[in-house]
Amino acid sequence: MHPMQEPESGPVGEPQRQAALDRLQILDTVPEQAYDDLTRVAAAMCNAPMALVSLIDRDRQWFKSRYGIDFAQTERCIAFCDYAIRVPQQMLVVSDTRRDPRFRDNPLVHLGRGIRFYAGVPLVSPDGFAVGTLCVLDSRPRRLSKLQRDALEGLARQVSRLLELRLRNLELREALAERDRLAHQLAKLASTDALTLLRNRRAFDVLRADQREAPTLPMTVVMLDIDHFKAINDTHGHAVGDQILRRLADTVRSVLRRDDEAVRYGGEEFALVLPGTDGEGARILLERLRAQVASLRVPVPFTFSAGYAEVRPGESGIDPALARADAALYAAKANGRDRIEAADAG
C-alpha cells in the first residue's frame with residue numbers, strides 16, 4: 001500500500017489560519033451540547049453513520065464533536081478535512097475514496113469497514129480562515145442530494161456561528177479582565193502617595209471607616225513626624241526633603257509585618273496601624289526603626305519623633321487611639337524631639 005497522497009503545501013496563510021484557531025481556545029475542551037446537537041442533525045439529514053466537527057491543528061485533526069466515531073483525533077497527514085479547508089468557500093465531496101488518488105491509500109479508508117465517502121464544509125472563523133469542517137462520512141460510496149448539501153452547508157454556518165460567539169465571549173472576558181485590572185490599578189494609584197508609595201490620607205480614611213466596628217485587640221496606632229523637616233527643606237531644598245521622605249518610607253516598610261499599615265498622613269507626618277501589637281511591641285518596633293534611620297546614608301541626617309497609643313477595649317474604631325497617639329507625638333516634640341512617647345494610660 002502506498003502512502004496517502006499528501007497536499008502539495010499547506011493552506012494559503014497557514015500561520016494566520018493557525019493563529020485564528022488558537023484564538024478560539026477550543027482545542028481539547030470538553031464536549032458541548034450545542035456542537036453535539038448539530039453533529040447529530042448533520043448525520044440524520046445526510047443519512048450518514050458518522051459526522052464530525054473537526055478542527056485542524058498544526059499536526060493533528062481534533063474532533064470537537066463526533067458521532068459514530070470512537071476516537072478523538074488523528075494525525076493531520078491523514079485528515080480528509082485538511083484538504084477541505086484549502087478551499088474555504090466550497091464543500092469537498094469525495095463520493096468514493098478508493099477511486100480518488102488523494103485518499104485511496106489513506107489508512108482510514110482501509111481501517112475496519114473503512115471510510116468510503118466524505119463530505120465536509122469548511123468552518124470559517126470570523127477573520128476569514130478555515131479552521132476545520134463539519135463533515136459526514138460513510139462506509140459505502142454514495143452521493144448527497146441537493147437538499148442534503150444545502151442542509152450540511154446550513155449546519156456548518158451554525159457551527160461557524162458558535163465559533164464566532166465563542167471568540168466574542170473570550171474577547172469580552174478579556175476586555176472585562178482588562179477593565180478590572182485598570183480599575184484596580186487606578187484605585188491603587190488613587191490610594192497611594194506618589195512620592196513615598198505608602199498609602200495616602202484618602203486610603204487611611206477608608207481604613208479608619210473599616211475599623212468602625214470594634215477592632216481585634218491588641219492593636220496600636222502610631223503617629224510619627226520628621227524632626228525639623230521645614231528647616232531641612234528651607235536649607236537644603238525640596239529635592240533633599242523628598243529624598244528623606246522616600247528613605248524614611250522605605251525604612252518603615254522594612255520593619256513592618258505583612259498586616260501592618262503605613263500611611264503618609266500629610267507632609268512629613270506618618271501614621272502606622274499595628275494589629276496584633278500592644279504598646280510594648282510598638283515601642284520595640286519604633287526603637288528598631290529609629291536605629292535604622294540613624295544608620296541611613298542620606299545627604300542630611302535626620303531624626304523623628306513618635307507617639308503611640310493602644311486601642312482600648314470597647315472603643316469604636318481607631319480614631320480615639322489616633323487622637324491619643326497624636327497627643328503623645330506632640331508631647332515627644334515638646335520634650336525635645338527625637339523621642340518616642342506613649343499615650344497616657346488613663
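Provided above is the structure to which this section pertains.
Each chain has its residues counted from 1, following the order in which its sequence is written. Totals for whole chains, interfaces and linings use every residue, but because this is a predicted model, local features are given only for residues with pLDDT of at least 70 and side-chain atom pairs only at 80 or more, for both listing and counting. The side-chain numbers reported here are obtained from all heavy atoms of the structure, hydrogens and water having been left aside.

J.: Outline the overall build of the protein chain, supporting the account with residue identities and numerical values.
T.: Per the secondary structure count, the protein chain includes 10 helices and 11 strands. Just to be clear, the radius of gyration here is over C-alpha atoms, and the globule rule we use is 2.2 Å times residues to the power 0.38. The C-alpha radius of gyration computed for the protein chain amounts to 36 Å, which surpasses the reference 20 Å derived for 346 residues by more than 25%, pointing to a less compact arrangement than a globule. Throughout this description, buried means an accessible area under 20% of the type-specific maximum (1.4 Å probe, protein chains only), exposed means over 50%, and partly exposed covers the range between. A burial count over the protein chain gives 47% of its 346 residues as buried. Roughly 17,900 Å² of accessible area belongs to the protein chain as shown, and the carbon and sulfur atoms make up 51% of that amount. The charge count treats Lys and Arg as positive and Asp and Glu as negative. His and the chain ends do not count. A charged residue contributes its charge at one atom only: NZ of Lys, CZ of Arg, CG of Asp or CD of Glu. Considering the protein chain, the positive charge centre built from 49 side chains and the negative charge centre built from 49 side chains are found 6 Å apart. Note on conventions: DSSP H or I runs of at least 4 residues are helices, E runs of at least 2 residues are strands, and numbering of each starts at the N terminus. Computed with the Shrake-Rupley method and a 1.4 Å probe, the accessible areas treat only the protein chains shown as cover for residues.

J.: Tell me about the packing of helix H8 (residues 238-255) against helix H9 (residues 279-294), and please be specific about residues and values.
T.: To characterise two packed helices, one gives the angle between the axes of the helices and the distance between these axes. Comment: axis = line fitted to C-alpha atoms, over the contacting stretch for helices; angle = value between 0 and 180 degrees taken between N-to-C directions. At a minimum axis distance of 10 Å, the contact between H8 and H9 shows a crossing angle of 135°. Taken as axis vectors, H8 and H9 run oblique relative to one another. Between H8 and H9 the crossing geometry is right-handed. Touching Leu248, Thr251, Val252, Ser254 and Val255 of H8 are Leu285, Arg288, Leu289, Gln292 and Val293, all from H9. Taken together, the residues of the contact of H8 with H9 break down into 6 nonpolar, 3 polar and 1 charged. The scheme is simple: roughly parallel for angles under 35 degrees, roughly antiparallel for over 145, roughly perpendicular for 65 to 115, oblique for anything else. Each crossing is labelled by how the near helix is turned from the far one, with a counterclockwise turn of less than a right angle marking it left-handed and a clockwise turn marking it right-handed. Whether two residues are in contact is decided by their heavy atoms, any of which lying within 4.5 Å being enough. Three classes are used: nonpolar for Ala, Val, Leu, Ile, Met, Phe, Trp, Tyr, Cys and Pro, charged for Asp, Glu, Lys and Arg, and polar for all others, with Gly counted as polar.

J.: Can you explain the sheet that holds strand S5 (residues 117-124)? Please cite residues and give values.
T.: Reading across from one edge, S3-S2-S1-S6-S5-S4 is the order of the 6 strands in this open sheet, with antiparallel pairing throughout. Whereas interior strands pair on both sides, the edge strands pair on one side only; in this sheet they are strand S3 (73-75) and strand S4 (92-94). Each strand of the sheet is rotated relative to its neighbour by a mean of 25°, with strand direction disregarded. Of the strands in this sheet, strand S1 (50-56) and strand S6 (130-138) are in contact with helix H1 (residues 14-24), which crosses S6 at around 85°. What makes two strands pair is DSSP finding at least two bridges between them.

J.: With reference to specific residues and values, describe the pattern of salt bridges.
T.: Here, a salt bridge means any Lys or Arg side-chain nitrogen found within 4 Å of an Asp or Glu carboxyl oxygen. Tallied over the full model, the rule gives 38 salt bridges. Arg102 is paired through a salt bridge with Asp100; the nearest N and O atoms lie 2.8 Å apart.

J.: Outline the sheet that holds strand S9 (residues 269-275), listing residues and values.
T.: Overall, mixed pairing links the 5 strands, which are arranged S8-S9-S7-S10-S11 in an open sheet. One side of each edge strand has no neighbouring strand; the edge strands of this open sheet are strand S8 (261-266) and strand S11 (340-342). Strand-to-strand, the axes of this sheet are offset by a mean angle of 20°, without reference to chain direction. When strand S7 (residues 219-226) meets S9, the two strands line up antiparallel, connected through 7 bridges. In the strand pairing of S9, Met223 is matched with Ala271. Sheet strands in contact with helix H6 (residues 201-210) are S8 and S9, and its direction is about 125° off that of S8. Each of S7, S8, S9, strand S10 (304-310) and S11 is contacted by helix H10 (residues 319-334), which is oriented at about 145° to S10, the strand it contacts most.

J.: How would you explain helix H2 (residues 33-45) if you had to name every residue and give the values?
T.: The span you would expect from a helix comes to 1.5 Å times its residue count less one. For H2, with 13 residues, the first-to-last C-alpha span of 18 Å sits near the 18 Å given by 1.5 Å per residue. Looking only at H2, the buried set comprises Tyr35, Asp36, Leu38, Thr39, Ala42 and Ala43. One side of H2 holds all its buried residues, which, seen down the axis, span an arc of 165°. Facing away from the buried surface of H2 by more than 90 degrees, the exposed residues are Gln33 and Ala44. The directions from the helix axis to the C-beta atoms form the arc being described.

Distances and angles like these do not, on their own, reveal function.
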